[in-house]
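This is what each chain is made of:
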Amino acid sequence: MYYVSMKSHNIGENLATEQYLMNNKNFDEPLLLFYYEEPCIIVGRNQNTLEEINQKYVQDNNIRVTRRLSGGGAVYQDLGNLCFSFVVNSNSEEFGDFKSFTKPIVEALHKMGATTAEVSGRNDILVDGKKFSGNAMYTRNGKTFSHGTLMLNVDLDVVTHALNVPADKIASKGIKSVRSRVTNLQPFLSDEYQNIDVPAFRDILLKELFGVDDLADIKDREYVVTPDEQKEIDKLYEQYYNNWDWVYGNSPEFTVKKRQHFDYGTIDARLNVADGKIKHIKFYGDFFGPEDVTALADRLTGIKYDRDDLQQALADVDLSKYFVGISQEQLIDLLA
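Bear in mind that the values here come from a model prediction, so they are computed numbers and not experimental data.

Reading the values: rules and limits
- Residues numbered from 1 in each chain as written.
- Predicted model: local features only at pLDDT ≥ 70, side-chain atom pairs only at ≥ 80, totals over all residues.
- Heavy atoms only, no water.
- Domains from an automatic or database assignment.
- Contact = heavy atoms within 4.5 Å.
- Salt bridge = Lys/Arg side-chain N within 4 Å of Asp/Glu carboxyl O.
- Polar contact = N/O pair within 3.5 Å; in protein donor to acceptor, adjacent residues only side chain to side chain.
- Helix = DSSP H or I, 4+ residues; strand = E, 2+ residues; numbered from the N terminus.
- Nonpolar A, V, L, I, M, F, W, Y, C, P; charged D, E, K, R; others polar.
- Axes fitted to C-alpha atoms, helices over the stretch in contact; angles between N-to-C directions.
- Left-handed = near helix turned anticlockwise from the far one by under 90°.
- 1 Å grid on protein atoms, 1.4 Å probe; cavity = no way out; pocket = protein on both sides within 12 Å on 5 of 7 lines; lining within 4 Å.
- Points joined across faces, edges and corners; volume = space filled by probe spheres on them.
- Buried < 20%, exposed > 50% of the residue type's maximum accessible area, 1.4 Å probe, protein only.
- Patch = residues over 30% accessible without salt bridge, like charges linked within 9 Å, V, L, I, M, F, W, Y side chains within 5 Å.
- Areas by Shrake-Rupley, 256 points an atom, 1.4 Å probe, with all protein chains shown as cover.
- Lys, Arg positive; Asp, Glu negative; His and termini not counted.
- Charge placed at Lys NZ, Arg CZ, Asp CG, Glu CD.

A. Representation of the domain arrangement of the protein chain. Taken domain by domain, the protein chain holds domain 1 (2–248) and domain 2 (256–335). Domain 1 and domain 2 are separated by 38 Å when their C-alpha centres are compared. Facing the nine residues of domain 1 at the interface are twelve residues of domain 2. Counting across the domain 1 and domain 2 interface gives zero salt bridges. Applying the counting rule to domain 1 against domain 2 returns one residue pair in polar contact (both at pLDDT 80 or more). Breaking the side of domain 1 that touches domain 2 down by element, the ones donating at least two residues are α3 (55–60) and α8 (244–249). At three residues, the largest contribution of residues to the side of domain 1 that touches domain 2 is made by α3. In terms of residue class, the side of domain 1 that touches domain 2 is made up of four nonpolar, two polar and three charged.

B. Looking closely at the packing of helix α10 (residues 307–314) against helix α11 (residues 328–335). Direction vectors running N to C along α10 and α11 enclose 145°, while the axes themselves pass 10 Å from each other. Regarding α10 and α11, the two cross each other, and that crossing is right-handed. Along the contact surface, α10 presents Arg307, Leu310, Gln311 and Leu314, while α11 presents Gln328, Leu331, Ile332, Asp333 and Leu335. Here the residues of the contact of α10 with α11 sort into five nonpolar, two polar and two charged.

C. Layout of the layout of surface pockets. Computed from the structure, the second largest pocket encloses a volume of approximately 400 Å³. Lining of the second largest pocket is provided by 16 residues; of these, Val58, Ile63, Val65, Tyr248 and Asp306 occupy positions nearest its centre. Elements with a contribution of two residues or more to the lining of the second largest pocket: α3, β4 (64–67), α8 and α10. Taken together, the residues that form the lining of the second largest pocket break down as seven nonpolar, five polar and four charged. If you count residues domain by domain, the lining of the second largest pocket takes at least three from each of domain 1 (2–248) and domain 2 (256–335).

D. Region of the structure containing the environment of Ala162. Checked against the element boundaries, Ala162 lands in helix α5 (residues 156–162). Residue Ala162 is classed as buried on the basis of its relative accessible area of 0%. For the pair formed by Ala162 and Leu334, sequence separation is 172 residues and the distance between their alpha carbons is 18 Å. Those residues in contact with Ala162, other than ones at most four positions away along the chain, are Ile41, Glu52, Ile53, Asn54, Tyr57, Val58, Ile63 and Tyr76.

E. The arrangement of empty space enclosed by the protein in detail. A complete count under the given rule lists one cavity of 30 Å³ or more for this structure. Taken as a whole, the largest cavity holds about 30 Å³ of empty space. For the lining of the largest cavity, the secondary structure elements donating two or more residues are α1 (11–24) and β10 (143–151). Counting residues per element, the lining of the largest cavity draws most heavily on α1, which supplies three residues.

F. A look at the environment of Gly325. Turning to its location among the elements, Gly325 is positioned in the loop between α10 and α11. Expressed as a C-alpha distance, the spacing of Gly325 and Asp309, which sit 16 residues apart in the sequence, is 23 Å.

G. Geometry of a negative patch on the surface. Taken together, Glu291, Asp292, Asp298 and Asp318 make up a surface patch of like negative charges. Looking at the secondary structure, you find Glu291 in the loop between β14 (277–285) and α9 (294–300). Assessed through its relative accessible area of 39%, Glu291 is described here as partly exposed.

Have a look at this one:
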């Protein structure tokens, strides 16, 4: 087995590296990747991004959002989470057999004191019945990668806010995440591991997986990306993981119903969004305004369904012509 310990803390750059190495490098043995990121949300390939995230909270807290190639549900990660990925030839493992891929990780965790860690259901790893790891898989051109999370010490308060979307916000045919009780792994490890950080956790796992006492003993098994390869990885990053069309525009068509009562009346907004842009919007309610609100709806049609684009589209609009007593900020909060 070879391994890569990624230096970047940008989830998009790391997913681009994973994609490049899978599609462009032929190793004679399996490849193991480890990486960890600054706060981010990664949605599954077939999900509706806006249906999975609390958009305002995500924007206010500078949480990066991207979409991965593999299926499954949305996950939140920060610097307290370690990701792992096994890249193998497709004929070496059956697609969907997460238990085989995660078995070495689970066995290593047992040695670290998490004796109740076990693969459960389709693609989760649990400890004492609570989820600390979700896994997903992708295959292409004879190669497969199976990647997963290991929540060592993630800020669970942020998880509940960043992925907490009102049930009636969006209706679409996107694959929805199943919300599970989650936990951090660290409390279940032996006393000697109670204060380890993610880099130390990664190195312990590497030594366990390779059966060595010192990482110097496996230095020849480490693969380092070359400058030319990094240029190609950067292209994938811009094409996919830092691309609004891939992250948001690739979502299934969906409808939104947003209703709120203000001091000067109630607004009931109905939106149809396709390719991440407002395809149709109509306002209902008992609000007051001297001009026909259809003109405002026409102005918003065709723009990205994104808070920044809504602000830009409404920047020079006198909303008192349509909604007396209701501010631009209130309207944007309602729509976004």
